[in-house]
Amino acid sequence: MPGRTISRTHRKAKKSYTLSPESVAFLETMRRKRHGGSISSILEEILQAVRRRHERASVERAVTDYYSALSADEAAERAQWGEFALREFPE
């Protein structure tokens, strides 16, 4: 229908975890430094940052594995294509 918008809500799972006093103190300190917000939002930010680092590392490993598996001829050909692209499409 024209003009109709669909609102997508991202549901969050309510969980309970046991943390060390040091971790709780750290989270409280982070919350205070950010002038409010919830401990859950602080944990969410930390977990998202860790997840992104893991995903980036996974992609980097896949790229490294790909290039490590190339023969010398394939690697030379890829290098030539790269040089061509840099000449043809300068920044």
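Quick caveat, the model's predicted, so the values are computed rather than measured.

Asker: Help me understand the overall build of the protein chain in this model?
Answerer: Summing up its helical and strand segments, the protein chain has three helices and zero strands in all. Along its sequence from the N terminus, the protein chain presents helices and strands in the succession α-α-α. Its C-alpha atoms give the protein chain a radius of gyration of 23 Å, more than 25% over the compact-globule value 12 Å for 91 residues. Along the first, second and third principal axes, the C-alpha atoms of the protein chain reach 55 × 50 × 25 Å. Buried residues in the protein chain amount to 4% of all 91 residues. Roughly 8800 Å² of accessible area belongs to the protein chain as shown, and the carbon and sulfur atoms make up 56% of that amount. Of the charged side chains in the protein chain, 17 are positive and 13 negative; the average position of the first set lies 17 Å away from that of the second.

Asker: Please explain the packing of aromatic side chains as it appears in this structure.
Answerer: The geometry of an aromatic ring pair is captured by two quantities: the separation of the ring centres and the angle between the planes. Across all of its chains, the model carries two aromatic pairs by this definition. Their ring planes at 90 degrees and their centres at 5.8 Å tell us that Trp-81 and Phe-84 sit as a pair that is edge-to-face. Of this pair, Trp-81 and Phe-84 are both found in helix α3 (residues 72-88), three residues apart, which corresponds to roughly one turn of the helix. Using a relative accessible area of 55% as the deciding quantity, one classes Trp-81 as exposed. The exposure class assigned to Phe-84 is partly exposed, which follows from its relative accessible area of 34%.

Asker: Help me understand a nonpolar patch on the surface, please; the structure alone is not making it clear to me.
Answerer: Together, Tyr-17, Leu-19, Val-24, Leu-43 and Leu-47 make up an exposed nonpolar region whose accessible area comes to about 490 Å². With respect to the element layout, Leu-47 can be found in helix α2 (residues 39-68). Taking the relative accessible area as the measure of exposure, Leu-47 reaches 54% and is therefore exposed.

Asker: Got a minute to help me understand the pattern of salt bridges in this structure?
Answerer: Working definition: two side chains of opposite charge can pair if their charged atoms are close together. The tally for this structure, following the rule as stated, stands at three salt bridges. Glu-28 is paired through a salt bridge with Arg-31; the nearest N and O atoms lie 2.9 Å apart. Residue Glu-28 and its partner Arg-31 are both found in helix α1 (residues 21-33); the two are separated by three residues, about one turn of the helix. Take Arg-31: its relative accessible area is 24%, and that puts it in the partly exposed class.

Thresholds applied
- Residues numbered from 1 in each chain as written.
- Predicted model: local features only at pLDDT ≥ 70, side-chain atom pairs only at ≥ 80, totals over all residues.
- Heavy atoms only, no water.
- Helix = DSSP H or I, 4+ residues; strand = E, 2+ residues; numbered from the N terminus.
- Rg over C-alpha atoms; globule rule 2.2 N^0.38 Å.
- Buried < 20%, exposed > 50% of the residue type's maximum accessible area, 1.4 Å probe, protein only.
- Areas by Shrake-Rupley, 256 points an atom, 1.4 Å probe, with all protein chains shown as cover.
- Lys, Arg positive; Asp, Glu negative; His and termini not counted.
- Charge placed at Lys NZ, Arg CZ, Asp CG, Glu CD.
- Phe/Tyr/Trp six-rings, centres within 6.5 Å; stacked < 30°, edge-to-face > 60°.
- Patch = residues over 30% accessible without salt bridge, like charges linked within 9 Å, V, L, I, M, F, W, Y side chains within 5 Å.
- Salt bridge = Lys/Arg side-chain N within 4 Å of Asp/Glu carboxyl O.

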